[in-house]
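# Inside the fold
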Amino acid sequence: MKVKLNDAQARAYIAGDQSEPAQEIERKHILHLTACLQEAAGRPGMNLAGLCKTAERYVQNHQRTENRQELALLIAARDAIKARSNAK
């Protein structure tokens, strides 16, 4: 599931003027990060060690989110990448 903010939504979010609640925007953002990580991990020749570091940073940056289910998906994606990286 890919969710991406358009320019107007991103500018509104930064300005604090969004029509969508901030929690919903953050939820979509976390789902987008998760989808990107999963897609990148499936690419042949991907540097899984580097991707693992990126995934870890994403998880650290979103620890305080109220979107616990989405964070759990992000953590699961990170753990899957770690497992694949360690298997090589």
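The notes below deal with the structure included here. (Residues numbered from 1 in each chain as written. Predicted model: local features only at pLDDT ≥ 70, side-chain atom pairs only at ≥ 80, totals over all residues. Heavy atoms only, no water.)

On to the pattern of salt bridges. Considering all chains together, one arrives at six salt bridges under this definition. A salt bridge links Arg78 to Glu56; its shortest N-O distance comes to 3.2 Å. Residue Arg78 is found in helix H4 (residues 68-87), and its partner Glu56 is found in helix H3 (residues 48-61); the two are separated by 22 residues along the sequence. For Glu56, the salt bridge identified is with Lys82, shortest N-O distance 3.6 Å. One end of the pair, Glu56, is in helix H3; the other, Lys82, is in helix H4, and 26 residues separate them in sequence. Given the relative accessible area of 23%, Glu56 is considered partly exposed. Connected via shared salt-bridge partners are Glu56, Arg78, Asp79 and Lys82. (Salt bridge = Lys/Arg side-chain N within 4 Å of Asp/Glu carboxyl O. Helix = DSSP H or I, 4+ residues; strand = E, 2+ residues; numbered from the N terminus. Buried < 20%, exposed > 50% of the residue type's maximum accessible area, 1.4 Å probe, protein only.)

We now examine the environment of Gln38. Locating Gln38 in the fold gives a position in helix H2 (residues 22-41). Owing to a relative accessible area of 51%, Gln38 belongs among the exposed residues under this scheme. Residues Gln38 and Leu48, spaced ten residues apart in sequence, show a C-alpha to C-alpha distance of 11 Å.

Bringing the nonpolar core into the picture now. Formed by 13 residues in total, the largest nonpolar core has its most connected members in Leu37, Ala41, Leu48, Leu51, Ala55, Leu74 and Ile81. Those elements giving two or more residues to this core turn out to be H2, H3 and H4. When residues no more than four places from it in sequence are discounted, the contact partners of Ala41 are Leu48, Leu51, Ile81 and Arg84. (Core = buried A, V, L, I, M, F, W, Y, C linked by side-chain atoms within 4.5 Å. Contact = heavy atoms within 4.5 Å.)

Structural measurements only, silent on function.
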